[in-house]
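Breakdown of the fold
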Amino acid sequence: MEAARNAREAAPRSPAALSAELSDARLVAACRGGDEQAWGTLVERFSRYVYAIAVQAFRLPQQDAEDVFQEVFARVFERLDTLREDDAVRPWIAQLTRRLCIDRLRAGSREVVADTEELPDGPDEDVLAQLEEAFDVHDALARLSENCRDILDRFFARDESYRAIGDALELPAGTIASRISRCLVKLREEIGPEARPENR
Amino acid sequence: MSGYDIERLSRLIGMLPPAPAAWRRAARELPRARRELDGIVERAEADAEFRRALIADLENALRAEGVEPTTWPLLDELRRRVL
């Protein structure tokens, strides 16, 4: 069984399939072993999260957010060996992103108000909490069929119109709304009752 | 109805839009950029003329090596290590 799993993981896969298939710990282990495809998958798995923390929780302007984004992944790449528990990569990346955002805000604040002791606004903690939940939802989304994953992501995360989605997926625009509804139901089933907020 | 009603799920999906493609591409290319950086630094240490070219005009010297500096993610680190 282990051999079959190893053989399956050695075969070429799409980034989305690889992303859904590998646990964080296995992905980190593969990156540490020099697997560049795994590194690309790790970037794709966490890029939205890092971006959202910088832009939504810390409200960094785009240029600062880009600098933080690149610095986060450069440090992750350089310091992956120092991560004590491979499955703790997500909180590690979150902490790194928060720290770099704070550094960036402080540097900007020093430039703007050099003669005051005021610290810049911290992150919006409510947004940070919601981003954790959003990450879990996207994790569940990655386990759905490619069709559902694509349609929900395009509509809600990429803000594409029914027409644009229909054109991209070669579907009649009139069927998009019903497909979205069906896929949302599947997503809710995928998440399951144990992860729902009122059960936490 | 669960806490994850349809409206809430929709909002949570929308909270994580993709990061700009160019940012992601630069991050994905870090392993290759790291190899290029190490090669450039090694060569700069061994080849005084190449080092002078880097110091005189880093960006053009990189272009001559086939590295596009405007999208290369390790430019600042190269500056720190070579200049």
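Residues numbered from 1 in each chain as written. Chains lettered and ligands numbered in written order. Predicted model: local features only at pLDDT ≥ 70, side-chain atom pairs only at ≥ 80, totals over all residues.

1. Description of helix H3 (residues 24-32) of chain A
Buried within H3 of chain A are the following residues: Leu-27, Val-28, Ala-30 and Cys-31 of chain A. The buried residues of H3 of chain A occupy an angular sector of 160° when projected down its axis, which confines them to one face. (Buried ≥ 20, exposed ≤ 12 C-beta atoms within 10 Å, placed from the backbone. Helix = DSSP H or I, 4+ residues; strand = E, 2+ residues; numbered from the N terminus. Arc of directions from axis to C-beta.)

2. Focus: the environment of Ala-54 of chain A
Residue and element names in this part refer to chain A. Relative to the elements of secondary structure, Ala-54 occurs in helix H4 (residues 36-57). By C-beta crowding, Ala-54 is classed as buried, having 27 other C-beta atoms within 10 Å. In this structure the C-alpha to C-alpha distance between Ala-54 and Thr-97, which are 43 residues apart in sequence, comes to 7.3 Å. What Ala-54 contacts, discounting residues up to four positions off in sequence, is Leu-60, Ala-65, Val-68, Phe-69, Thr-97 and Cys-101. (Contact = placed C-beta atoms within 7 Å.)

3. What about helix H2 (residues 21-28) of chain B?
Buried within H2 of chain B we find Trp-23, Ala-26, Ala-27 and Arg-28 of chain B. The elements touched by buried residues of H2 of chain B are H4 and helix H5 (62-79) of chain A together with helix H3 (30-46) of chain B.

4. Observations regarding the environment of Ile-13 of chain B
Residue and element names in this part refer to chain B. Its place among the elements puts Ile-13 in helix H1 (residues 6-14). Take Ile-13: there are 21 C-beta atoms within 10 Å of it, and that puts it in the buried class. The spacing of Ile-13 and Glu-77 is 64 residues in sequence and 36 Å in space, taken between C-alpha atoms.

5. Description of the confidence of the model for chain B
Of all residues in chain B, 96% have pLDDT values of 70 or greater, and the mean over the chain is 90. In the predicted assembly, ipTM is 0.80 and pTM is 0.81. (pLDDT = per-residue confidence, 0-100.)

6. Overview of unusual backbone geometry
Phi is positive for Arg-59 of chain A, which is not a glycine, with a value near 55°. Even without glycine at this site, Glu-170 of chain A takes up a positive phi of about 55°.

7. Some details on the interface of chain B and chain A
The partner chain A presents 37 residues to the 22 residues of chain B that form the contact. Where the side of chain B that touches chain A is concerned, the elements lending two or more residues are H1, H2 and H3 of chain B. Tallying contributions element by element places H1 of chain B first for the side of chain B that touches chain A, with 6 residues.

8. Regarding the packing of H3 of chain B against helix H6 (residues 75-82) of chain B
Residue and element names in this part refer to chain B. Running from N to C, H3 and H6 point in directions that differ by 20°, and their axes come no closer than 11 Å. On the basis of the axis angle, H3 is roughly parallel to H6. The way H3 lies across H6 gives a crossing that is right-handed. Together, Leu-37, Ile-40, Val-41 and Ala-44 of H3 and Glu-77, Leu-78, Arg-81 and Val-82 of H6 make up the contact between the two elements. A breakdown of the residues in the contact of H3 with H6 according to their chemical character gives 6 nonpolar, no polar and 2 charged. (Axes fitted to C-alpha atoms, helices over the stretch in contact; angles between N-to-C directions. Parallel < 35°, antiparallel > 145°, perpendicular 65-115°, else oblique. Left-handed = near helix turned anticlockwise from the far one by under 90°. Nonpolar A, V, L, I, M, F, W, Y, C, P; charged D, E, K, R; others polar.)

9. Let's talk about the nonpolar core
Residue and element names in this part refer to chain A. Core analysis: the biggest nonpolar cluster contains 71 residues, and Val-50, Ile-53, Ala-54, Phe-69 and Leu-152 have the highest contact counts within it. Residue contributions to this core peak at 13 residues, all from H4. Each of domain 1 (16-119) and domain 2 (144-200) contributes no fewer than three residues to this core. For Val-50, the residues in contact, after removing those within four places along its chain, are Phe-69, Val-72, Ile-93 and Thr-97. (Core = buried A, V, L, I, M, F, W, Y, C linked by C-beta atoms within 7 Å. Domains from an automatic or database assignment.)

10. Notes on the environment of Phe-58 of chain A
All names here are of chain A. The topology assignment puts Phe-58 in the loop between H4 and H5. Distance in space between the C-alpha atoms of Phe-58 and Leu-105 is 8.5 Å, their sequence separation being 47 residues. Here Phe-58 is in contact with Ile-53, Cys-101, Leu-105 and Pro-123, once residues within four sequence places are set aside.

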